[in-house]
Amino acid sequence: MDKTRILITGATGYIGRRLKNRLLAHQDYQLRLFVRNKRKVGERARQSVEIVEGDTFNKEKLALALVGIDVAFYLIHSMGADKDFKSLDRTSAENFRNACIAAGVKKIIYLGGLGVKETASKHLLSRIETGEILSARPNDITTIWFRAGVIIGSGSASFEIIRNLAQKLPVMVAPRWVNTKTQPIAVDDVLSYLEESVSLENTGNTVVDIGADIMSFREMMIAAGRVMGLKRFIIPVPILSPRLSSYWLVFITTVPFKMAAILVDGLKSETVQQNDNAALLFPKIKPMSFEHAVQHAIDEIEKDQVVSRWCDSSAGEVCDIIYQDDPSSAIIRDRRMVEFGNVLPDKVFRSALAIGGERGWYKYNVLWRLRGAMDKMVGGYGLTRGRRVSGELRIGDALDFWKVADIKPNKRLLLLAQMKLPGKAWLEFIIEGNMLIQTAHFYPRGILGRLYWYSTLIFHNLVFQDLIEKIVKNAKQAE
Ligand SMILES: NC(=O)c1ccc[n+]([C@@H]2O[C@H](COP(=O)([O-])OP(=O)(O)OC[C@H]3O[C@@H](n4cnc5c(N)ncnc54)[C@H](OP(=O)(O)O)[C@@H]3O)[C@@H](O)[C@H]2O)c1
């Protein structure tokens, strides 16, 4: 029997990574991933999928990716782009639909957001417009357009916010939007719908609204507290503006200002199901309760099994780490070396892979945290982003205010700074013989960049020396 050939776009994003794992379990599916940076795809997955590198603004690459494809998933958005994300989203969707039709693809499956145009935020409007564009030619190509509200799963931005707030604040004075009704859904249920839709017999354009119980954000926080064994009180007040609420979220939770503002904006209007196609077309899927979804997400975090996070993708116009793995353009460097004697290089490398996150940044953690707090105050990620899992890193993983730009097992780990800086910075670890070489590379932007570097020299001397020594010390202890 011929295999169904499936293309996943956005395969390095929050949903796409998980969907890829789900579909890999099907023997009768042949998977192809369309990604902007193929090194972000894990080593194991690379053995079992085809990969085409490119983006939806490159028509040739799109055509190449769609050759022979039966079903194509569209899991892309341009929300992180600094440029006009609406027009990027529009062009991206048009290019994709036209390329699918030209390649004879039978079906496009898209996941967008719940909500109606009249009250939608500008980001949701763009998601709606994307769905309309993808499904605008029903005679030429079949589409299934899923619409989901808040997605609850380990690493999802909404879940991180709810968990952080419920964990940290026994009593919360909250803005009015906490009473807006929404219909959260567990990420596993979202994946089940996407998975089942590959074999769904449908024609034309089918819109499927998905969600579990209707709840307000306030009810979600109280229920999340309950799952964690915490009693929580939320008092809504009319005075907190969306902007103020976003600053508040940045202060308490792991998300940066831009993300918080998008989420708050989205919560100002109701996002509930407008049709019952989910129950009609997928009767076997019974979405789990909110409490169950929260418990499941917490279990994954506790077992160190987080597959993807909200910060996996830059979602910008250009992937955040492609072409960023060469720090040779830097003009200022801080290099330190420590010999590790007869400790196995593998142990030293593992120790380098374990830095940051919950473990912190060793002796001068307080200085690192201070730098993180400063970064958050100016709209950066700060140190609160942490890491996906404790012992392992992959290219594209966020690590506090860094992003993993390159990994060569037992040889090189390169981190790209994503903190707000007057310049560009990397932190590199190289193993040569029995020597660990740690280099902070900096490309200053103008006089301000140089001033920044030289004014932080005294701190660099402390933190960088301590960092390399601790990495080697931990490796020795692990032996
Ligand atoms: N996550 C949620 O809570 C949620 C809720 C409701 C609906 N949805 C919908 O689900 C879909 C997927 O969202 P997500 O959360 O998985 O997004 P995400 O984590 O931000 O990932 C976006 C993906 O798209 C890729 N990408 C962006 N622009 C591209 C382009 N022009 N060409 C090729 N690839 C491009 C990114 O690649 P890089 O890795 O290279 O950056 C990344 O793999 C979206 O339509 C979203 O509206 C998500």
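Residues numbered from 1 in each chain as written. Predicted model: local features only at pLDDT ≥ 70, side-chain atom pairs only at ≥ 80, totals over all residues.

Peer 1: Just to check I follow, could you spell out the overall build of the chain for this structure?
Peer 2: In terms of helices and strands, the chain carries 16 helices and 19 strands. Computed over its C-alpha atoms, the radius of gyration of the chain comes to 23 Å, within 12% of the 23 Å expected for a compact globule of 479 residues. The principal-axis extent of the C-alpha atoms belonging to the chain is close to 65 × 55 × 45 Å. Taking all 479 residues of the chain together, 43% fall into the buried category. A fraction of 74% describes how many contacts in the chain between residues 6 or more apart in sequence connect residues 24 or more apart. (Helix = DSSP H or I, 4+ residues; strand = E, 2+ residues; numbered from the N terminus. Rg over C-alpha atoms; globule rule 2.2 N^0.38 Å. Buried ≥ 20, exposed ≤ 12 C-beta atoms within 10 Å, placed from the backbone. Contact = placed C-beta atoms within 7 Å.)

Peer 1: Would you mind showing me how to read the packing of helix H6 (residues 157-168) against helix H8 (residues 217-227) here?
Peer 2: Describing two packed helices takes the angle between their axes plus the distance from one axis to the other. Their axes nearest at 9 Å, the elements H6 and H8 cross at an angle of 65 degrees. Overall, the two elements H6 and H8 adopt an arrangement that is roughly perpendicular. Here the hand of the crossing between H6 and H8 comes out right-handed. Here Ile162, Arg163, Leu165 and Ala166 of H6 come into contact with H8, specifically with Met220, Met221, Ala224 and Gly225. The class makeup of the residues in the contact of H6 with H8 is six nonpolar, one polar and one charged. (Axes fitted to C-alpha atoms, helices over the stretch in contact; angles between N-to-C directions. Parallel < 35°, antiparallel > 145°, perpendicular 65-115°, else oblique. Left-handed = near helix turned anticlockwise from the far one by under 90°. Nonpolar A, V, L, I, M, F, W, Y, C, P; charged D, E, K, R; others polar.)

Peer 1: Just to check I follow, could you spell out the sheet that holds strand S5 (residues 107-113) for this structure?
Peer 2: On the basis of which strands lie adjacent, the open sheet formed by seven strands has the order S3-S2-S1-S4-S5-S6-S11 and parallel pairing. In this open sheet, the two edge strands, each paired with only one partner strand, are strand S3 (50-53) and strand S11 (205-210). Between one strand axis and the next, the sheet turns by 20 degrees as a mean value, whatever way the strands run. Pairing of S5 with strand S6 (residues 142-148), which is carried by seven bridges, proceeds in the parallel orientation. Residue pairing in the sheet places Gly113 in a bridge with Ala148 of S6. Packed on one face of the sheet, helix H1 (residues 14-24) meets strand S1 (4-9), strand S2 (29-35), strand S4 (71-74) and S5 and runs near 160 degrees to S2. With respect to the sheet, helix H7 (residues 187-197) is in contact with S4, S5, S6 and S11, its orientation differing from that of S6 by roughly 175 degrees. (Pairing = 2+ DSSP bridges.)

Peer 1: So what exactly am I meant to see when it comes to the domain arrangement of the chain here?
Peer 2: Buried accessible area, meaning the area lost when the parts come together, often serves as the stated size of an interface. Once the domains are mapped, the chain shows domain 1 (4-302) and domain 2 (327-478). Computed over C-alpha atoms only, the centres of domain 1 and domain 2 are separated by 32 Å. With 10 residues of domain 1 at the interface, the matching set in domain 2 holds 11 residues. Per-class residue counts for the side of domain 1 that touches domain 2 are three nonpolar, four polar and three charged. (Domains from an automatic or database assignment.)

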